[in-house]
Number of protein chains: 2
Amino acid sequence: MREIKVERLLINYKTLEDFKQFQAYGLQELSMLDDLKNNLVENDSESPFYGIYYGSTLVARMSLYERSAKFDDYFDPPQDYLVLWKLEVLPEYRGNNYARLLVDYAKSFNLPIKTNPFIDSHGFWDYMGFEKASYNMERDLGENPYIWMPKGVKQI
Amino acid sequence: MREIKVERLLINYKTLEDFKQFQAYGLQELSMLDDLKNNLVENDSESPFYGIYYGSTLVARMSLYERSAKFDDYFDPPQDYLVLWKLEVLPEYRGNNYARLLVDYAKSFNLPIKTNPFIDSHGFWDYMGFEKASYNMERDLGENPYIWMPKGVKQI
């Protein structure tokens, strides 16, 4: 049986080429590619992405970034928290719980998590124990903020 | 010939029902509906949305919110700017320049504009005179920030 595990993705030309298979490929990836080309980041340095390989194929990924308590507008008491984005599994690899593995990995840091899911993926986030944040237009604008909180943490 | 114009959308049950036709319907709209039901906002008060009606059908919309210079991380000199989101034309009404009319309307305020387009709509934003913001992960996370600047304004 093939071992399936979540790993930190390294910034190199292979990873950045792999990223092109994902629908949410955008300015973030283009900017990483520029930085690599211009030697502004080292080859094989750590990226903000975590992913799952099936053999040598990157089949799922997510991005995680730790925001400092200073910028926390979501949780009570204010604290360091993770922003999760670009969670995506390639279409032909769906149905294998890869998204669940990635989100469980994010939860293992035991920090609150905030994400902004596509509107049609809410069943998944509910299932993963996330809840809707109380919508605040000035803070959230066009986002659909969903949050997960370890024990002892509340929404603002 | 039918008159096509951009108008400020009013918060009432008809508007909120009309919104359900749009793909980006999310927590923002659900929260507006709750506020209306609980009399936290007045019926027919102004919403942050602008739209185009074809007869009595809402066929296109966008949301606009003015951020104060104090929160400006995009423009030089720092200044009040508009955040534009949920620009969308119902599928059967596309190809009539409605999206263009809405964005031109946003530009008519003569403030810089920031938006976070879907990755497959970049041709449209280029055509409308928007440019990619220099991607900054800490600021932009999973966004693809595109900006438009009136004369005399630069990117940070």
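Since the model is a prediction, treat every value here as computed from it, not as a measurement.

**Describing helix α2 (residues 27-37) of chain B**
Among the residues of α2 of chain B, L27, Q28, E29, S31, M32, L33 and L36 of chain B are the ones counted as buried. Following α2 of chain B by one or two positions, N39 of chain B has its phi on the positive side, about 55 degrees.

**Some remarks on the packing of aromatic side chains**
Residue and element names in this part refer to chain A. This structure, assessed with the given rule, holds 20 aromatic pairs over all chains. With a centroid separation of 6.4 Å and 65 degrees between ring planes, the pair formed by Y50 and F109 is classed as edge-to-face. With a gap of 59 residues between them, Y50 in strand β2 (residues 45-54) and F109 in the loop between α3 (98-107) and β6 (113-115) connect regions that are remote in the sequence. Assessed through its relative accessible area of 39%, F109 is described here as partly exposed. Each residue in the set Y50, Y105 and F109 is aromatic and connected to the rest through ring pairs, giving one cluster. Its guanidinium or amino end placed over the ring of F19, R61 lies 4.6 Å from that ring's centre, counting from NZ or CZ.

**Some remarks on the sheet that holds β2 of chain A**
Residues and elements named next belong to chain A. Spatially, the 7 strands line up as an open sheet ordered β1-β2-β3-β5-β6-β8-β7, and their pairing is mixed. In this open sheet, the two edge strands, each paired with only one partner strand, are β1 (6-11) and β7 (131-132). Inspection of the sheet shows β7 paired to strand β8 (residues 146-148) by 2 bridges, in the antiparallel sense. Bridge assignment links K132 to a residue of β8, and that residue is Y146. Across the sheet, helix α2 (residues 27-37) lies against β1, β2, β3 (57-67) and β5 (81-89), angled at about 115 degrees from β2, the strand it touches most.

**Description of the pairing of β2 of chain A**
Looking along a regular strand, one sees the side chains alternate between the two faces of the sheet. All names here are of chain A. Among the 10 residues that make up β2, 7 are buried, leaving the element largely enclosed by the rest of the structure. Bridging between β1 and β2 involves 5 bridges; their strand directions are antiparallel. Within β2, the residue paired with I11 across the bridge is S45. Two strands pair when backbone bridges link them, and β2 and β3 are joined in this way by 6 bridges, in the antiparallel orientation. Bridge pairing in β3 places I52 opposite A60. Here β2 folds back onto β3 in antiparallel fashion, the turn holding 2 residues, of which G55 has a positive phi close to 65 degrees.

Basis of the calculations
Residues numbered from 1 in each chain as written. Chains lettered and ligands numbered in written order. Predicted model: local features only at pLDDT ≥ 70, side-chain atom pairs only at ≥ 80, totals over all residues. Heavy atoms only, no water. Buried < 20%, exposed > 50% of the residue type's maximum accessible area, 1.4 Å probe, protein only. Helix = DSSP H or I, 4+ residues; strand = E, 2+ residues; numbered from the N terminus. Phe/Tyr/Trp six-rings, centres within 6.5 Å; stacked < 30°, edge-to-face > 60°. Lys NZ or Arg CZ within 6 Å of the ring centre and 35° of its normal. Pairing = 2+ DSSP bridges. Contact = heavy atoms within 4.5 Å. Axes fitted to C-alpha atoms, helices over the stretch in contact; angles between N-to-C directions.

This is a description of form; function is not addressed.
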